[in-house]
Amino acid sequence: MSKAIVCRCEDVTADDVAHAVACGYRDLEEIKRFTGFGTGPCQGKECHALVARQLVQLTGAPPATMAPFTSRSPLVPTPFRALAGLGALESPYRAPAAATLPPAPQTPREADAALAAHAPTLPAHADTVIIGAGVIGLAIAYYLTQAGVTDVVVIDRSYLAGGASGRNGGGIRQQWSTETNVRLMQASVGLCRDFATELGVNNWFRQGGYLFLARTDAEVAKLARNADLHARLGIGTRLISPAQAGELVPELNLQGIVAAAYNASDGIVFPWPFLWGYAQAAQAKGAKLFTHTAVHALERDGGEAGGGFIVRTARGSVRARRVVNAAGAWSPHIAAMLGVALPTWPVRHEICSSEPLKPFLQPMVSELASGLYCSQSMRGELVGGCTVPDEGSGLDMSSTSRFLATYAARLTSLMPSLARVKMLRQWAGPYERSPDGNPLLGSPTGLPNFYLAAGFVGHGFMMAPIIGKLYAAWFVGGDAAKHDIFSQYAADRFERGSGAPREDFSIG
């Protein structure tokens, strides 16, 4: 290989691609995330073919694995003011009120099937099989191996970071409306702060705070209630005036803003290294990770309610004493294989990134009225999204011009100085919603060795460290180590009519 540039936008060389292959990455999307190629202004138009050709040479992989990136608008970097000028566009989707049937899985990409066909088979047996290699599944695997349970297999239907964990803004906040979620995030922030030191991977954790903006008396009352709760729990959330918000972010248009809430210890991580760190550390301790491996069937082993399970895939079957369903928006489909109907449903959520700018924005800024949120990454990009009516259900992760128009209009209204900034790329991922805004944890009725980590409504990414640690403690220490969140967020709480306090402070 050589120092020849294959992606001039991001200065990615042929050596960088070779290093990614040496680290075990084979899929173009994985290589894109690991090296950054194809994420600059050209969006892969100039470098895609070069990297694909090099991968074929290095790996001998069939051409079918070289699937092109998903086509996304805009075709060229476009100023936010131009996108805002598109006006209201009709939605091609209709948002669901709730789910009545588990979602059908997306048809695996041709690349996934081809990679699976040229990969090792699964082991015959495992103590624990985790379905879903998002950050929650990987965190559970990591903390299990740390506790001495090394016979762990993690299975995912696509590439690492291919689901919601690799398609979000990386926000880590403690500003929630229920005591349980606040306490969980207090612990999770501490784990994020120690992540790079403990796992040896820089997740770019930056504590610039979260700034929530209110435009109505009802929104102010919500922020005030939250601030009182946070003060009782030892979190320094402050209810501040519009002028004080303007001191934190001078670019804000304060017209119509009546109050704000700010907590300086909230922050942001870079999602991809977050996943890589957990994956690499778990594998170093003995866990086995199988990507591009769709689960075709999940059965009880011998039909006994208290026994283990057989997980069947294109790479073979594995018998497991314990199975964890951490498949995110695909969780209802996995649960349905055992006859369990989860009361969760997927909702599309879109997000985008701008060209890099000189650092100017310390906190994550969120406008409650519109669900707008925006932060600046360590590379200088503005990363953000917003609530779009009728965002749509299902597992369609394509992108729409309607989102760009809505987000650009709201962003330039809130921070007019950003009108000339160019938007480079956008993507979509699925939220998995639940009836009360809280996750489903523990075992469904009658399936004591089948565990759920589902229904997080967009905040599973930030809760993953503590959820993984608490699950591992329970599995290793037995019921004596079972944290009370597993009872509060029990999977059967809706059947029993004893739901947890509703979480109403989700954004986006």
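Please read these numbers as outputs of a predicted model, since none were measured by experiment.

> Sorry, what's going on with the pattern of salt bridges here?
Two side chains carrying opposite charge are able to pair once their charged atoms lie near each other. Inspection of every chain in the model, using the stated rule, returns 16 salt bridges. Across the pair Arg348 and Glu350 runs a salt bridge whose closest N-O atoms are separated by 3.5 Å. Accessibility expressed as a relative area gives 2% for Glu350, which makes it buried. Connected via shared salt-bridge partners are Glu10, Arg379, Glu381 and Arg425.

> Mind showing me how you'd approach the sheet that holds strand 16 (residues 364-367) here?
Sheet strands pair via backbone hydrogen bonds, and the direction of the pair is either parallel or antiparallel. Taken together, nine strands build an open sheet; the order of strands is 3-19-15-18-17-16-7-9-8 and the sheet is mixed. The open sheet has two edge strands, strand 3 (78-79) and strand 8 (238-240), and neither has a second partner. In this structure, strand 16 lies alongside strand 17 (residues 372-376), joined through three bridges in antiparallel fashion. Bridging across to strand 17, Ser366 finds its partner in Tyr373.

> Quick question: what am I supposed to make of the packing of aromatic side chains here?
Two descriptors summarise a pair of aromatic rings, namely the distance from one centre to the other and the angle between the planes of the rings. A complete count under the given rule lists 25 aromatic pairs for this structure. Across from the ring centre of Trp176, 3.7 Å away, lies the NZ or CZ of Arg173, which sits over that ring. Above the face of the Phe475 ring, Arg322 is positioned so that its terminal group lies 4.2 Å from the ring centre.

> When you look at the pairing of strand 13 (residues 309-313) in this model, what are you seeing that I'm missing?
Looking along a regular strand, one sees side chains alternate from face to face of the sheet. Among the five residues of strand 13, four are classified as buried, and the element is accordingly described as predominantly covered. One ladder, built from five bridges, connects strand 12 (residues 295-300) with strand 13; its direction is antiparallel. Directly across from Ala297, in strand 13, lies its bridge partner Arg312. Where strand 13 lies against strand 14 (residues 316-325), five bridges are found, and the strand directions are antiparallel. When the bridges of strand 14 are listed, Arg312 appears paired with Ser317. The turn linking strand 13 back onto strand 14 is made up of two residues.

> Explain helix 13 (residues 460-477) to me, please; I cannot follow it from the model alone.
Each turn of an α-helix holds 3.6 residues, which means side chains three or four residues apart point in the same direction. The end-to-end C-alpha distance of helix 13, which contains 18 residues, comes to 24 Å, matching closely the 26 Å that a straight helix rising 1.5 Å per residue would cover. In the structure, helix 13 departs most strongly from a straight axis at Ile466, where the bend amounts to approximately 35°. Counting buried residues along helix 13, 14 of its 18 residues qualify, which places the element largely inside the surrounding structure. Count one or two residues on from helix 13 and you reach Gly478, which has phi positive near 75°.

Parameters at a glance
Residues numbered from 1 in each chain as written. Predicted model: local features only at pLDDT ≥ 70, side-chain atom pairs only at ≥ 80, totals over all residues. Heavy atoms only, no water. Salt bridge = Lys/Arg side-chain N within 4 Å of Asp/Glu carboxyl O. Buried < 20%, exposed > 50% of the residue type's maximum accessible area, 1.4 Å probe, protein only. Pairing = 2+ DSSP bridges. Helix = DSSP H or I, 4+ residues; strand = E, 2+ residues; numbered from the N terminus. Phe/Tyr/Trp six-rings, centres within 6.5 Å; stacked < 30°, edge-to-face > 60°. Lys NZ or Arg CZ within 6 Å of the ring centre and 35° of its normal. Expected span 1.5 Å × (residues − 1). Bend = angle between axes of the 7 residues up to and from the residue.

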